[in-house]
Amino acid sequence: MGQPRPRQRQKPRTCVGCREESPRRALIRVVRSPDGSVVVDERGKLPGRGAYLCARRECLERARKSGALARALRTAVPESCYAELERRIEEVTAHADPEGCLHELCALLGLSRRAGMVLVGSDSVQSQCGRGPLLLLTAEDCSASVLEFADRLASAGARAHTHIRAPLSVERLSLALGTGRVQVIALPGRSGLADRIKVLLGEGGRALEQQNTGL
């Protein structure tokens, strides 16, 4: 039996609004089809020239006012497409069922890991914490020392780090990332990915955790 193929590194995509990178699944794709029409790509698989947006109004408005979306697609964007984008963003930010949220969270973390966007473990997080804001996620059953470490970084203030205690066990967090036992990770704090995770977890992770006890 041959050796299994290593997982292919998935290249992040850049939001045309904020210019931050995120895994493709965390973004909304707009495509200029071969026939010249501009549509929101619901499944992210339509042929044509594509552009990506974070699922937040600020990015949509910035891309609209600056013309960044039209430039990326190299064509005019109709009002109907902007209206559809607004509708999609409302859907993404609307309340979802807790089990579905956790499933999506794990999928996003796995994609982010393969895209090289996740810092795994206290040492990696500590080494990069001075390079810009981070979103710190700790497992719900992490040790007291790891929890204190994440809280300390978030309270430092200078880099505007955010700490959320995720409703995921060490085992489940490690499984989502495809790595050994891990209690704390970090992702770029200013990105559509971070915003999406915050929406999924609710305020400090508590909203989802309260609705999802036992998972």
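Residues numbered from 1 in each chain as written. Predicted model: local features only at pLDDT ≥ 70, side-chain atom pairs only at ≥ 80, totals over all residues. Heavy atoms only, no water.

1. With respect to the sheet that holds strand β3 (residues 27–32)
Across the sheet, three strands lie side by side as β4-β3-β5; this open sheet has antiparallel pairing. Strand pairing shows two members of the sheet lacking a second neighbour, β4 (38–41) and β5 (49–54), which therefore form its edges. Across the sheet, the mean angle separating the axes of adjacent strands is 30° when strand polarity is ignored. Direction of pairing for β3 relative to β5: antiparallel, over a ladder of six bridges. Its bridge partner being in β5, valine 31 is matched across the sheet by glycine 50. (Pairing = 2+ DSSP bridges. Helix = DSSP H or I, 4+ residues; strand = E, 2+ residues; numbered from the N terminus. Axes fitted to C-alpha atoms, helices over the stretch in contact; angles between N-to-C directions.)

2. Focus on the confidence of the model for the protein
The predicted model of the protein averages 83 in pLDDT, with 84% of residues at 70 or higher. By mean pLDDT, helix α9 (residues 206–211) is the weakest element of the protein at 38, and helix α2 (residues 68–73) is the strongest at 95. Here residues 203–215 scores under 50 on pLDDT; set against residues more than four positions off or in separate chains, the count is 25 contacts. (pLDDT = per-residue confidence, 0-100. Contact = heavy atoms within 4.5 Å.)

3. Remarks on the side chain of histidine 163
Topologically, histidine 163 is positioned in strand β8 (residues 162–165). For histidine 163, a relative accessible area of 16% translates into the label buried. Side chain to side chain, histidine 163 and threonine 138 meet in a polar contact 2.8 Å long. Here the side chain of histidine 163 touches aspartate 151 through a polar contact of 2.7 Å, side chain to side chain. With near-sequence residues (within four places) excluded, histidine 163 lies in contact with Leu136, Thr138, Leu147, Ala150, Asp151 and Ala154. (Buried < 20%, exposed > 50% of the residue type's maximum accessible area, 1.4 Å probe, protein only. Polar contact = N/O pair within 3.5 Å; in protein donor to acceptor, adjacent residues only side chain to side chain.)

4. Observations regarding the pattern of salt bridges
Tallying each qualifying case throughout the model produces nine salt bridges. Of the charged contacts, one joins glutamate 90 and arginine 57 as a salt bridge, the two residues approaching to 2.7 Å between their closest N and O atoms. In this pair, glutamate 90 is assigned in helix α3 (residues 79–93) and arginine 57 in helix α1 (residues 57–66), connecting sequence segments 33 residues apart. When the shortest N-O distance is used, the salt bridge between arginine 64 and glutamate 79 registers 2.3 Å. Residue arginine 64 is located in helix α1, and its partner glutamate 79 is located in helix α3; the two are separated by 15 residues in the primary sequence. Arginine 64 gets classed as partly exposed once you look at its relative accessible area, which sits at 27%. Where salt bridges share partners, they join Glu42, Glu84, Arg87 and Arg88 into one cluster. (Salt bridge = Lys/Arg side-chain N within 4 Å of Asp/Glu carboxyl O.)

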